[in-house]
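Structure at a glance
In case you want the letters, here they are:
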Amino acid sequence: DEKCDNDSRLYEPNTLNVFRNACQRKIIEKGKKTDLKSDIDFERARNVLRSRRKQLTQMGKGNKHNACRPLEVDEIEKLFDLEYFGMKDPVSLQRTLWWKLTTCFGFRARDECRKLMFGDVKLKTEQNGKKYLEWDKKRGTKTRTGEKSYSHQRSFNPRAYEIGGAKCPVRVYENFVKHRPEKSKSENSPFFLAAIPSKFLNNDIWYYNKPLGKNMLGTMLTHARSFLDNCSGSR
């Protein structure tokens, strides 16, 4: 039974592959042609490794231990105070709109943000003059495709109402639209865009006419937490 030398815990599933790959590198360094990943002589060893990985996974190994937790109210306030969120530059403006849409519309991870098109979010006005943003939910996502009768479906289009001040989702959205290139304002243009570095800005256009990378969308919350941790550590 494999154990870690330092504290007698079981290895993670991926660690077993790391050991095999390390052995393969040594074999190559010796000038040998043996391939642990494909040679028929090692098929039984590969099956055993595959079964052990599956067993370890069923035991709960291989899970991420450092999943990013949600932001607390005081942490959100701090991010605004430190201008990590705000409207002073392309990056902080888009971060703020991402945060507002994610929390108000209940986006799941990065999938719905990545698929979001400019035409999916509409700025509307009620009869009393109050503005709000509305997300058209018809575009499918990985977890809300509508293909299964028991899958969760929204019964309405989510809305985000204006609240006034720098944290108002309507105000943030209006600023974001103002700084988008005209070519990125069509119905099927990606919603989140790659930001032009601040040192290259010379007009009101703050974004390139191309989508923001999916990895950037998927790590926005992680970056926010890292920013807070760095600020706390620098004191």
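Source: prediction; values computed, not measured. (Residues numbered from 1 in each chain as written. Predicted model: local features only at pLDDT ≥ 70, side-chain atom pairs only at ≥ 80, totals over all residues. Heavy atoms only, no water.)

Things to note about the overall build of the chain
The secondary structure content of the chain amounts to 8 helices and 5 strands. When the helices and strands of the chain are placed in sequence order, the string is α-α-α-α-α-β-β-β-α-β-β-α-α. Considering only contacts within the chain whose residues lie at least 6 apart along the sequence, 59% involve residues at least 24 apart. As presented, the chain carries roughly 15,300 Å² of accessible surface, and 50% of it is formed by carbon and sulfur atoms. (Helix = DSSP H or I, 4+ residues; strand = E, 2+ residues; numbered from the N terminus. Contact = heavy atoms within 4.5 Å. Areas by Shrake-Rupley, 256 points an atom, 1.4 Å probe, with all protein chains shown as cover.)

Things to note about the environment of Glu-174
Relative to the assigned elements, Glu-174 resides in helix 6 (residues 169–178). Sequence spacing of Glu-174 and Leu-123 is 51 residues, and the spatial spacing of their C-alpha atoms is 8.6 Å. Leaving out residues up to four positions away in the same chain, Glu-174 has contacts with Leu-123 and Lys-131.

Considerations on the packing of helix 1 (residues 13–29) against helix 2 (residues 43–58)
For the pair helix 1 and helix 2, interaxial distance at closest approach is 8 Å and the crossing angle is 155 degrees. The pairing of helix 1 with helix 2 is recorded here as roughly antiparallel in orientation. Residues Pro-13, Asn-14, Leu-16, Asn-17 and Arg-20 of helix 1 form the contact with helix 2, whose participating residues are Arg-46, Leu-49, Arg-52, Arg-53, Leu-56 and Thr-57. Within the contact of helix 1 with helix 2, the residues separate by chemical class into 4 nonpolar, 3 polar and 4 charged. (Axes fitted to C-alpha atoms, helices over the stretch in contact; angles between N-to-C directions. Parallel < 35°, antiparallel > 145°, perpendicular 65-115°, else oblique. Nonpolar A, V, L, I, M, F, W, Y, C, P; charged D, E, K, R; others polar.)

Side note on the confidence of the model for the chain
Atomic detail in the predicted coordinates should be set aside for any region of low pLDDT. Taken as a whole, the chain shows an average pLDDT of 82; of its residues, 82% reach a score of 70 or greater. The lowest-confidence element of the chain is helix 5 (residues 111–115), averaging 80 in pLDDT; the highest-confidence one is helix 6, averaging 96. Below a pLDDT of 50 lies the segment residues 140–152, which in the model reaches 19 contacts outside its immediate sequence neighbourhood of four places, other chains included. (pLDDT = per-residue confidence, 0-100.)

A look at the pairing of strand 2 (residues 131–135)
Judged by how many residues are buried, strand 2 sits mostly within the fold: 4 of 5 residues are covered. Where strand 1 (residues 121–125) and strand 2 come together, 5 bridges link them in antiparallel fashion. Its bridge partner being in strand 2, Thr-125 is matched across the sheet by Lys-131. Counting the residues between successive antiparallel strands, the hairpin from strand 1 to strand 2 contains 5 residues, one of them, Gly-129, with a positive phi of roughly 90 degrees. The sheet contact formed by strand 2 and strand 3 (residues 159–161) spans 3 bridges and is antiparallel. Within strand 3, the position partnered with Leu-133 by the bridge is Ala-160. (Buried < 20%, exposed > 50% of the residue type's maximum accessible area, 1.4 Å probe, protein only. Pairing = 2+ DSSP bridges.)

Remarks on the environment of Cys-23
If you trace the backbone, Cys-23 turns up in helix 1. The sequence separation of Cys-23 and Leu-36 amounts to 13 residues, and the corresponding C-alpha distance is 8.5 Å.

Examining the pattern of salt bridges
If charged atoms from side chains of opposite charge come close, those side chains can pair. A full pass over the atoms with the stated rule returns 10 salt bridges. Salt bridges linked by common partners bring Lys-124, Glu-126, Glu-134 and Arg-159 together as one network. (Salt bridge = Lys/Arg side-chain N within 4 Å of Asp/Glu carboxyl O.)

Observations concerning the nonpolar core
With 36 residues, the main nonpolar core has Leu-101, Phe-105, Leu-116, Leu-133, Tyr-173, Phe-191 and Phe-192 as its most contacted residues. For this core, the secondary-structure elements that each account for two or more residues are helix 3 (73–81), helix 4 (90–105), strand 2, helix 6 and helix 8 (220–233). A total of 6 residues in this core trace back to one element, the largest contributor, which is helix 4. Sequence-distant contacts of Phe-191, that is, excluding residues within four places in its chain, are made with Leu-97, Leu-101, Leu-116, Met-117, Phe-118, Val-121, Tyr-173, Phe-176 and Arg-180. Counting 5 residues, the second largest nonpolar core, distinct from the first, contains Leu-10, Tyr-11, Leu-49 and Leu-56. (Core = buried A, V, L, I, M, F, W, Y, C linked by side-chain atoms within 4.5 Å.)

With respect to the environment of Thr-103
Examined against the element boundaries, Thr-103 turns out to sit in helix 4. Linking Thr-103 and Ala-160, residues 57 residues apart in sequence, is a C-alpha distance of 9.4 Å. At 2.8 Å, the side chain of Thr-103 and the backbone oxygen of Trp-99 are in polar contact. A polar contact of 3.2 Å, which involves the side chain of Thr-103, links it to the backbone oxygen of Lys-100. (Polar contact = N/O pair within 3.5 Å; in protein donor to acceptor, adjacent residues only side chain to side chain.)

Quick word on the sheet that holds strand 1
Strand order across the open sheet formed by 3 strands is 1-2-3, with antiparallel pairing between neighbours. Each edge of the open sheet is held by one strand with a lone partner, namely strand 1 and strand 3. Between one strand and the next, the sheet's axes are offset by a mean angle of 25 degrees, whatever the strand orientation. Together, strand 1, strand 2 and strand 3 form the strand contacts of helix 6, whose direction differs from that of strand 2 by roughly 75 degrees.

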